[in-house]
Number of protein chains: 2
Amino acid sequence: MTTRRYDPDRRDRIIDACLDLVAEVGVAGVSHRKVAARADVPLGSMTYHFAGMDELLREAFGRFARTVSDGFERRMREATDLDGARAAVVAIITEDLFGTQRDLVLTHELYTLAAREPAYRALTNAWMARSRAALERHFDPATARLLDALIEGLTIHRALDTEAPLPGTVTEAVRRVTTPR
Amino acid sequence: MTTRRYDPDRRDRIIDACLDLVAEVGVAGVSHRKVAARADVPLGSMTYHFAGMDELLREAFGRFARTVSDGFERRMREATDLDGARAAVVAIITEDLFGTQRDLVLTHELYTLAAREPAYRALTNAWMARSRAALERHFDPATARLLDALIEGLTIHRALDTEAPLPGTVTEAVRRVTTPR
DNA sequence: ACATCGAGCGTACGGACGTACACATCGCCC
DNA sequence: GGGCGATGTGTACGTCCGTACGCTCGATGT
């Protein structure tokens, strides 16, 4: 029989399907049924593995945040000196985060949830704490904080503003912020 | 008779009710019925005044963006010199935007829509263009751009990060970004 | 070989949703 | 004053939703 009984990755597959779906149609557009179809699991599996949509979303965004955060940390770890660190920050802004529509959308969906519900804020807190810690390998705490905010803002504006950015803008921004006086 | 026939503000009331509702339960949680109940209009009015939820949301967020943008512009217009402008930017970050949970949530809801659907990106574009123009009363274009991004990032981090900000952080950030070398 | 048990599934139910459309009510013009 | 477009409303329909729950069937121990 081709029954699928015993399939230990099922739970993971559901989470991944959920993330994909959120990226496509937004939190507003997901339903147990759509996720189930996308993950190719029976509807009943949804309530079996997750207490409700909220639990599923929290796990999905937890995974997402961890993934992005890992990339961030790697970039910063690979930088060996101050200029390298600056370059890494520029790369994060212009390549990593701007790169895929998917990550952009998911990030905003998460922020939106976090803005309203404290449960999700735990995820954003952890994420930001990791970013700051990674930056503090190379910069003093106050600068790390500013840099983190700057990364956020530049990323958003690059994504949500069709106006072409002036070349060198990002590099210049990083230089200013990382230059105390 | 207490019939409500002729009530020219009805359309506006619906839009306001929609914004309130979005702030409370998110775009994911709004429905024609809930908006109608909140605005105290019959369900039929919804489809009568708006072609669909999308049209309503676009109008609602258009109004919201314009309102916030007006405040921003006023702040910048009232500043008379460079230091005044810097102080105005600090005030925007620490008072205006961080002030109310409602505005925070609505901003993110809008960004989320804009991240996925180009139709909403027109709104964010216009908003950002106005911000930049207002900043350019006092700063050169490149700096205005950076400042705008910085405002964005600092606001978000203040809102989504429970870690208490170091005092003077914002002031220092604005000083660094507005000091070319 | 087979009994048992619990993990996992399919289905069916009640409710909320958006929308279409027939109808009520109004302002206006004669 | 009374008929008639235009404006606005109530309702009913089909769709899709989440979840509860009884049943199936594979794994395991003997």
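Because the structure is predicted, anything quoted here is derived from the model rather than measured. (Residues numbered from 1 in each chain as written. Chains lettered and ligands numbered in written order. Predicted model: local features only at pLDDT ≥ 70, side-chain atom pairs only at ≥ 80, totals over all residues. Heavy atoms only, no water.)

Novice: Which parts of the structure should I look at to understand the side chain of Asp148 of chain A?
Specialist: Its place among the elements puts Asp148 of chain A in helix α8 (residues 141-160). No salt bridge is formed by the buried Asp148 of chain A; the nearest opposite charge belongs to Arg132 of chain A, separated by 5.0 Å. When residues no more than four places from it in sequence are discounted, the contact partners of Asp148 of chain A are Met128, Ser131, Arg132 and Leu135 of chain A together with His157 of chain B. (Helix = DSSP H or I, 4+ residues; strand = E, 2+ residues; numbered from the N terminus. Buried < 20%, exposed > 50% of the residue type's maximum accessible area, 1.4 Å probe, protein only. Lys, Arg positive; Asp, Glu negative; His and termini not counted. Salt bridge = Lys/Arg side-chain N within 4 Å of Asp/Glu carboxyl O. Contact = heavy atoms within 4.5 Å.)

Novice: Just to check I follow, could you spell out the UniProt feature "DNA-binding region" (unreviewed entry) in chain A for this structure?
Specialist: In the numbering used here, UniProt assigns the feature "DNA-binding region" (unreviewed entry) to residues 31-50 of chain A. Counted over residues 31-50 of chain A, helix gives 75% and strand 0%. Its end C-alpha atoms are 13 Å apart. (UniProt positions renumbered as here; feature names shortened; annotations may be inferred.)

Novice: Would you take a moment to explain the domain arrangement of chain A for this structure?
Specialist: Many descriptions give the size of an interface as the accessible area lost when the pieces come together. All names here are of chain A. Each assigned domain of chain A is listed with its residue range as follows: domain 1 (1-50) and domain 2 (57-177). Placing the centre of domain 1 and that of domain 2 at their C-alpha centroids yields a distance of 29 Å. The partner domain 2 presents 11 residues to the 12 residues of domain 1 that form the contact. The contact between domain 1 and domain 2 buries some 1100 Å² in all, and 66% of this surface belongs to carbon and sulfur atoms. (Domains from an automatic or database assignment. Buried area = accessible area lost by both parts, 1.4 Å probe.)

Novice: I tried to follow the relation of the copies chain A and chain B on my own but got confused; where do I start?
Specialist: Superposition of the two copies of the chain requires a rotation about an axis together with a shift along that axis. Aligned on chain B, chain A shows an RMSD of 0.0 Å; the corresponding rotation is 180° and the shift along the axis is 0.0 Å. Those values place the two copies in the arrangement expected of a two-fold rotation axis. A shared interface surface links the copies, since 100% of the contact residues of chain A are contact residues in chain B too. (Least-squares fit on C-alpha atoms with pLDDT ≥ 70 in both.)

Novice: I would appreciate a short explanation of the layout of surface pockets in the present structure.
Specialist: A water-sized probe, rolled over the atoms, reveals where empty space remains. Of the voids in this model, the largest pocket is the one considered here, and its volume is about 510 Å³. In terms of lining, the largest pocket is formed by 27 residues, of which the most central are Phe64, Val68, Leu97, Thr107 and Trp127 of chain B. The set of elements that each furnish at least two residues to the lining of the largest pocket consists of α1 (10-25), α4 (53-78), α5 (82-99), α6 (101-116), α7 (118-135) and α8 (141-160) of chain B. A per-class count over the lining of the largest pocket returns 12 nonpolar, 8 polar and 7 charged. Considered as a void within the structure, the second largest pocket measures approximately 440 Å³ in volume. Every residue lining the second largest pocket is counted, 29 residues in all, and those nearest its centre are Val27 and Ala28 of chain A together with Val27, Ala28 and Glu109 of chain B. Put simply, the parts of the chain that give the lining of the second largest pocket at least two residues each are α4 (53-78) and α6 (101-116) of chain A together with α1, α4 and α6 of chain B. When its residues are assigned to classes, the lining of the second largest pocket shows 16 nonpolar, 4 polar and 9 charged. (1 Å grid on protein atoms, 1.4 Å probe; cavity = no way out; pocket = protein on both sides within 12 Å on 5 of 7 lines; lining within 4 Å. Points joined across faces, edges and corners; volume = space filled by probe spheres on them. Nonpolar A, V, L, I, M, F, W, Y, C, P; charged D, E, K, R; others polar.)

Novice: Can you help me understand the environment of Gly44 of chain A in this one?
Specialist: Checked against the element boundaries, Gly44 of chain A lands in helix α3 (residues 43-49). By relative accessible area, which is 47% here, Gly44 of chain A ends up partly exposed.

Novice: Would you mind showing me how to read the interface of chain A and chain B here?
Specialist: Between chain A and chain B, the residue contacts involve 50 residues of the former and 50 residues of the latter. Between chain A and chain B lies a buried interface of about 4400 Å² when both sides are counted; carbon and sulfur atoms form 59% of it. On inspection of chain A and its partner chain B, the count reaches 4 salt bridges. A salt bridge links Glu109 of chain B to Arg116 of chain A; the nearest nitrogen and oxygen atoms lie 2.8 Å apart. Inspection of the region where chain A meets chain B yields 19 residue pairs in polar contact (both at pLDDT 80 or more). Listed by contribution, the elements that provide at least two residues to the side of chain A that touches chain B are α1 (10-25), α6, α7 (118-135), α8 and α9 (169-177) of chain A. If one sorts the elements of the side of chain A that touches chain B by residue count, α8 of chain A sits on top with 14 residues. Partitioned by chemical class, the residues of the side of chain A that touches chain B number 25 nonpolar, 12 polar and 13 charged. (Polar contact = N/O pair within 3.5 Å; in protein donor to acceptor, adjacent residues only side chain to side chain.)

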